[in-house]
Amino acid sequence: MNHPVAVRALDTFVYRCPLDTPVQTSFGTMLDRPMVVVRVTDQDGHQGWGEIWCNFPMVGAEHRARLVDSVFRAQLVDREFESPAAAYLALEAGTRVLALQSAEPGPFAQCLSGIDLALWDLCARRAGQPLWRYLGGDTDRIPVYASGLNPTAPERLAAARAAEGYTRFKLKIGFGAERDLANLAALRDTLGEQASLMVDVNQGWTLEQAREQLPALNRLGLGWIEEPLLCTAPWSDWQALAALTDIPVSAGENLMGEDRFREAIDSGALSILQPDVAKWGGLSRGLPLAKAINDAGLRYFPHYLGGGIGLLASGHLLAAVGGDGALEVDANPNPLRTELAGALNRVEQGMAALGDAPGIGPLDGLAALEPYRVV
């Protein structure tokens, strides 16, 4: 497929939405929801939209927008590339030394990812095709699951999402065995035996803590346990943990680079891989990676926790590659997500349909988010 791009403008927009109920993880608390949006415009006036991961630290959103404006714009605007993937390679090469010099490979990778998402959206819109089809998919229907259930009364939020059509739910744990188990029991009592339950430790355990905690979890029929260890832990530790449990082990949102993901695929420790296209790789790297995960007999579940644009891009990628994965949808209220997520706001029996609109779909909700725009 030929998808040349000639960018004439690159713009960023930063949004912040305060939270009535802070989002708690094992490593910290989010007091607001940030979103960094990227817009690219080509020589004919076509536009594409992307999103840059920026959840932590809380000041990171403005910083990433400034990186795009001060570093990436000059390397992208008024240049022509044969494809978004070619632009990705050029921008990666052109910023490699600066990313190392500033000791910020993560923020640079995230900025590049958001730009890449915008370029692919532009190409699909220009072609008049939904992104999932433009990327080679044959259906717009995808499974979804409700994520980000906090350790404080998670059954209340889960019940609300179940009433909306969700059938899969992921709880944040790592707050002590007593609290974690009580929350899982409350979720099971509220949702019933038919609901799928998963847990996310957010890198909160050592291997020794995992040895202590896993026996109580092993008998609960969990769909997976996510990031029980640090993403930098040696694969021998991940393999030792996997040997302690029949619960599928998942990770990937904090891995970066083809080599690291290949190690993850080859490790034998993971059943599920969860790369985040707004955090590393965009679609130019995310599409072949997702296919490689499925081809290896593992399961591709895209990680996502942010605004609606990145969520839509993640859903379109999942629809394009297929498999038996599901899209992560934050269960917590967030207008930066719901005003933009369109069809993903409608869930029936654990499924959503992305539709046939060009690109990632209409983004009319941006106008309603103006009160939250800070840059």
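First, a word on scope: everything that follows refers to the structure included in this document. Bear in mind that the values here come from a model prediction, so they are computed numbers and not experimental data.

A look at the sheet that holds strand S2 (residues 28-42)
Part 1 of the reasoning: Here we have four strands laid out as an open sheet, ordered S3-S2-S1-S4, and antiparallel in their pairing. Of all the strands in the sheet, the pair left with one neighbour each is strand S3 (47-52) and strand S4 (79-81). Within the sheet, the average angular offset between the axes of one strand and its neighbour, ignoring direction, is 40 degrees.
Part 2 of the reasoning: Along the sheet face, helix H11 (residues 308-321) touches S2 and S3 and points at about 100 degrees away from the line of S3.

Remarks on the pairing of S2
Part 1 of the reasoning: Along S2, eleven of the 15 residues are buried, which leaves the element largely enclosed by surrounding structure.
Part 2 of the reasoning: In terms of strand pairing, S2 meets S3 through six bridges, oriented antiparallel. For valine 36, the partnering residue across the bridge sits in S3 and is isoleucine 52.
Part 3 of the reasoning: The hairpin turn running from S2 into S3, its antiparallel successor, is four residues long, and glycine 45 in that turn takes a positive phi close to 90 degrees.

Quick look at the packing of aromatic side chains
Part 1 of the reasoning: Enumeration over the complete set of coordinates arrives at seven aromatic pairs.
Part 2 of the reasoning: Consider the rings of tryptophan 224 and phenylalanine 301, whose centres lie 4.7 Å apart with planes at 65 degrees: the pair is edge-to-face. On the criterion of sequence distance, the pair formed by tryptophan 224 in the loop between helix H7 (207-218) and strand S8 (225-226) and phenylalanine 301 in the loop between strand S11 (299-300) and H11 is long-range, its members being 77 residues apart.
Part 3 of the reasoning: Look at phenylalanine 301 and you get buried, because its relative accessible area is 4%.
Part 4 of the reasoning: Ring pairs connect the aromatic residues Tyr145, Trp224 and Phe301, which therefore count as one cluster.
Part 5 of the reasoning: A cation sits over an aromatic face here: arginine 179 above phenylalanine 175, 5.5 Å from the ring centre.
Part 6 of the reasoning: The side chain of lysine 279 reaches across the aromatic face of tryptophan 53, ending 4.1 Å from its centre.

With respect to the side chain of asparagine 183
Part 1 of the reasoning: Looking at where asparagine 183 falls in the secondary structure, it is placed in helix H6 (residues 177-191).
Part 2 of the reasoning: When sequence neighbours within four positions are dropped, the list of residues in contact with asparagine 183 reads Pro151, Pro154 and Leu171.

Regarding the environment of methionine 198
Part 1 of the reasoning: Along the chain, methionine 198 falls in strand S7 (residues 196-200).
Part 2 of the reasoning: Here methionine 198 falls in the buried class, since its relative accessible area comes to 3%.
Part 3 of the reasoning: Sequence separation between methionine 198 and asparagine 294 is 96 residues; the distance between their C-alpha atoms is 20 Å.
Part 4 of the reasoning: When sequence neighbours within four positions are dropped, the list of residues in contact with methionine 198 reads Tyr145, Arg168, Phe169, Lys170, Leu171, Gly223 and Trp224.

Some words on the side chain of serine 250
Part 1 of the reasoning: If you trace the backbone, serine 250 turns up in strand S9 (residues 249-251).
Part 2 of the reasoning: There is a polar contact of 3.4 Å between the side chain of serine 250 and the side chain of tryptophan 224.
Part 3 of the reasoning: Ignoring sequence-local partners within four residues, the contact set of serine 250 consists of Trp224, Ile225, Glu226, Glu227, Pro228, Trp238, Leu270, Ile272 and Gln274.

Here's the deal with unusual backbone geometry
Part 1 of the reasoning: That bond from phenylalanine 56 to proline 57 is cis: its omega, -10 degrees, falls within 30 degrees of zero.
Part 2 of the reasoning: Unusually for a residue other than glycine, glutamate 227 sits at a positive phi of about 40 degrees.
Part 3 of the reasoning: Among the structural elements, glutamate 227 can be located in the loop between S8 and helix H8 (235-242).
Part 4 of the reasoning: Among the residues examined, glutamate 227 registers a relative accessible area of 2% and is labelled buried.

So, the environment of glycine 106
Part 1 of the reasoning: Secondary-structure assignment places glycine 106 in helix H3 (residues 105-127).
Part 2 of the reasoning: Linking glycine 106 and proline 151, residues 45 residues apart in sequence, is a C-alpha distance of 28 Å.

Regarding the pairing of S7
Part 1 of the reasoning: With four of its five residues buried, S7 lies for the most part within the structure.
Part 2 of the reasoning: Strand direction decides the pairing type here: strand S6 (residues 168-172) and S7, joined by five bridges, are parallel. The partner of phenylalanine 169 across the bridge, within S7, is leucine 197.
Part 3 of the reasoning: Running through H6, the crossover from S6 to the neighbouring parallel element S7 is right-handed.
Part 4 of the reasoning: Bridge count for S7 against S8 is two bridges, and the pairing is parallel. Its bridge partner being in S8, aspartate 200 is matched across the sheet by glutamate 226.
Part 5 of the reasoning: Following the chain from S7 across H7 to the adjacent parallel S8, one finds a crossover that is right-handed.

So, helix H5 (residues 154-163)
Part 1 of the reasoning: Of all the positions in H5, only Pro154, Leu157, Ala158 and Arg161 are classed as buried. Down the axis of H5, the sector holding all buried residues measures 100 degrees, keeping them to one side. More than 90 degrees from the buried face of H5, the exposed residues found are Arg156 and Ala163.
Part 2 of the reasoning: Glycine 165 sits one or two residues past H5 and shows a positive phi near 115 degrees.

Calculation notes
- Residues numbered from 1 in each chain as written.
- Predicted model: local features only at pLDDT ≥ 70, side-chain atom pairs only at ≥ 80, totals over all residues.
- Heavy atoms only, no water.
- Pairing = 2+ DSSP bridges.
- Helix = DSSP H or I, 4+ residues; strand = E, 2+ residues; numbered from the N terminus.
- Axes fitted to C-alpha atoms, helices over the stretch in contact; angles between N-to-C directions.
- Contact = heavy atoms within 4.5 Å.
- Buried < 20%, exposed > 50% of the residue type's maximum accessible area, 1.4 Å probe, protein only.
- Phe/Tyr/Trp six-rings, centres within 6.5 Å; stacked < 30°, edge-to-face > 60°.
- Lys NZ or Arg CZ within 6 Å of the ring centre and 35° of its normal.
- Polar contact = N/O pair within 3.5 Å; in protein donor to acceptor, adjacent residues only side chain to side chain.
- Right-handed = clockwise from strand over helix to strand, strands pointing away.
- Arc of directions from axis to C-beta.

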